[in-house]
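Descriptive structure summary
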Amino acid sequence: MAAANYLPSEDQFLCSVCLDVFTDPVTTPCGHNFCKNCINDYWNTSDRCQCPLCKEVFTTRPDMKINTFITEMVSQFRQSAQQEASSSSSEQQESKPGEVPCDVCTGTKLKALKSCLVCLASYCETHLEPHLTASRLKRHQLMDPVENLEGRMCTKHDKPLELFCQTDQTYVCMLCTVLDHKMHNVVPLKEGFEGKKVELKKTEAEIQKMIQKRRLKIQEVKHIVELSEEDADREKAEGVQVFTDLKESVERKLIKLINTIEEKQRTTKKQAEDSIKELEQEISELMKRSTEVEKLSLSEDHLHLLQSFQSLNIHLPPPTKDWTKVSVPPASYEGTVRRAVSQLEETLSGKMKKMVKVELKRVQKFAVDVTLDPDTANPKLILSDDGKQVRHGDVKKNLPNNPERFSYYMFVLGKQSFSSRRFYFEVQVKGKSECFLGVARESIKRKGDITASPQNGCCIIGLINGIEYEALDDPSVVLSLKSQPQKVGVFVDYEEGLVSFYDVEAAALIYSFTGCSFKEKLFPYFCPGLHHCVTNSVPLITPVRVN
């Protein structure tokens, strides 16, 4: 009965070839046991068929059968081992991925509790016991379990890395401090650890600030996208409404045009039909008289012919209209289509004006306060104390010829610069006979002659000779305006590459520069023109407030 409680050791069920517990065990004629695949693979790679243990040679390759008895014993052993491991793991945890396993455990690896810097091994609770009880092992340095213990040893002196050299910012052992790092500032790992912890906290704080900034940027970008979507939805809705109205207006105008033409055609046709009917009636009467005349002319009765001729006046034709003065003039359609298109144009013009008015109110939300920069002003320009007005003076002031100052043309830039988004400002031009305004990039030429164009960094319109506005595009465009603007609004969409000029009071678009590629800072640009006549003596004014 005692034998029934006997549990064979693991070594008795290990294959001598793979050194693991038997799988499909077979027995050779010499009595030794192996895994079936192991012995077959061994014989397949050997010149002779012999036992791997006793080296007994077999003349013919044995027909190996699975040993059922050993198979059952292996199965019982595995069940017992699993039960024992399960019982043990109820107190000690099995090592999970990312945790340091015990280096001593065979089979199931338990979680290590400590690592020894002397033994360079990690131990579970059971295998750590000698380090806690044996006097010679108690002196070993234990630490929380870590992997790669070899990396914690000094490669030069084979001692634990217990110190930190702040001079060389490296880890050292005790021997290093008296040899290679003798005069260096060396501190215990704990002190170096705490110092680095402080640095890490600072770094973490900086990283958190960077993260927060980027999260705020994400919110800003998302908000921009939301606003863009709202703008897109509004524009689509307005576009659908406008074009629907235009379509309906065109259809109404077309129906009216067709009805007008058809009415003229019906009138002409009615006149023609009435004339034809009357002519046919006269023809019928004339044919009847012709028959009577012909019949009477065939008569041989002298008395009857004379009596009929006189009494009936048959020799006279029946009363008819003088058709030489009657005509049916063809209907005239000249100008009908032109007048219809002209009316449609008036309708479109009215709708366009309403649209521009709405657009102007929308861009005015991006209004900025512009102040003139005296450091950029030509020496002959006179700026007001508040930097809101500029006019041409007769005397050249003695000013420093700094790189920012325009030396040839009567130009001045605003102090404010813009390198993104949208902005809008207004300029009063009332009473001017000559002036120029718009925006210019930072690198615009400040000295000597300048050719103003978008390619040279300027988007500018100008009033010339008091009557004619011109867009200094490439080529220049003469602008046909219904009235002289009193106040001009300038709107810039940096990312879109758009610069638009508006007649503020008339709520009309003057001109737009499109497709510009802005890569620099943009500045508001002003030129009051020369003081050559009384009509141009008034200054350009940059209002702070947009109505």
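Just so you know, these numbers come straight off a predicted model, no measurement behind them. (Residues numbered from 1 in each chain as written. Predicted model: local features only at pLDDT ≥ 70, side-chain atom pairs only at ≥ 80, totals over all residues. Heavy atoms only, no water.)

1. Remarks on the overall build of the chain
Secondary structure assignment for the chain yields eight helices and 21 strands. Whereas a compact globule of 547 residues would reach a radius of gyration of roughly 24 Å, the chain reaches 55 Å, over 25% beyond that. Taking the principal axes of its C-alpha atoms as reference, the chain extends roughly 175 × 100 × 45 Å. The buried share of the chain, reckoned over its 547 residues, is 31%. Of the roughly 35,800 Å² of accessible surface on the chain, 54% is carried by carbon and sulfur atoms. (Helix = DSSP H or I, 4+ residues; strand = E, 2+ residues; numbered from the N terminus. Rg over C-alpha atoms; globule rule 2.2 N^0.38 Å. Buried < 20%, exposed > 50% of the residue type's maximum accessible area, 1.4 Å probe, protein only. Areas by Shrake-Rupley, 256 points an atom, 1.4 Å probe, with all protein chains shown as cover.)

2. Thoughts on the pattern of salt bridges
Summed over the entire model, instances satisfying the criterion amount to 15 salt bridges. In this structure, the salt-bridge partner of E238 is R362, at a minimum N-O distance of 2.9 Å. Separated by 124 residues along the polypeptide, E238 in helix α6 (residues 189-297) and R362 in helix α8 (residues 336-363) bring together distant segments of the chain. Ionic pairing is found between D369 and K388, a salt bridge with its closest N-O pair at 2.3 Å. Separated by 19 residues along the polypeptide, D369 in the loop between α8 and β9 (381-383) and K388 in the loop between β9 and β10 (389-392) bring together distant segments of the chain. For D369, a relative accessible area of 37% gives the class partly exposed. Among the residues examined, K388 registers a relative accessible area of 10% and is labelled buried. (Salt bridge = Lys/Arg side-chain N within 4 Å of Asp/Glu carboxyl O.)

3. Considerations on the sheet that holds strand β20 (residues 522-527)
With antiparallel pairing, the six strands of this open sheet are ordered in space as β11-β20-β13-β14-β15-β16. Looking at strand neighbours, the two that pair on one side only are β11 (412-413) and β16 (477-479), the edges of this open sheet. Relative to β20, strand β13 (residues 435-441) is paired through six bridges, and the arrangement is antiparallel. For L437, the partnering residue across the bridge sits in β20 and is F526. (Pairing = 2+ DSSP bridges.)

4. A word on unusual backbone geometry
Following D474, the chain continues into P475 via a peptide bond in cis, with omega recorded as 5 degrees. The phi angle at L120 is positive, at roughly 55 degrees, despite the residue not being glycine. Along the chain, L120 falls in the loop between β3 (114-116) and β4 (121-123). If you check the backbone angles, A507 has positive phi at about 50 degrees while not being a glycine. Structurally, the position occupied by A507 is in the loop between β18 (498-503) and β19 (508-513).

5. Notes on the pairing of β19
Judged from the five bridges that link them, β18 and β19 form a sheet pairing that is antiparallel. Paired with S500 across the strands is S512, a residue of β19. Turn length for the β18-β19 hairpin, with the two strands adjacent in sequence and antiparallel, is four residues, and the turn residue A507 shows positive phi of about 50 degrees.

6. Things to note about the confidence of the model for the chain
When pLDDT is averaged along the chain, the result is 84, and 93% of the positions lie at 70 or above. Contacts of residues 1-6 to residues separated by more than four positions or lying in other chains number one contact, the stretch itself having pLDDT below 50. (pLDDT = per-residue confidence, 0-100. Contact = heavy atoms within 4.5 Å.)

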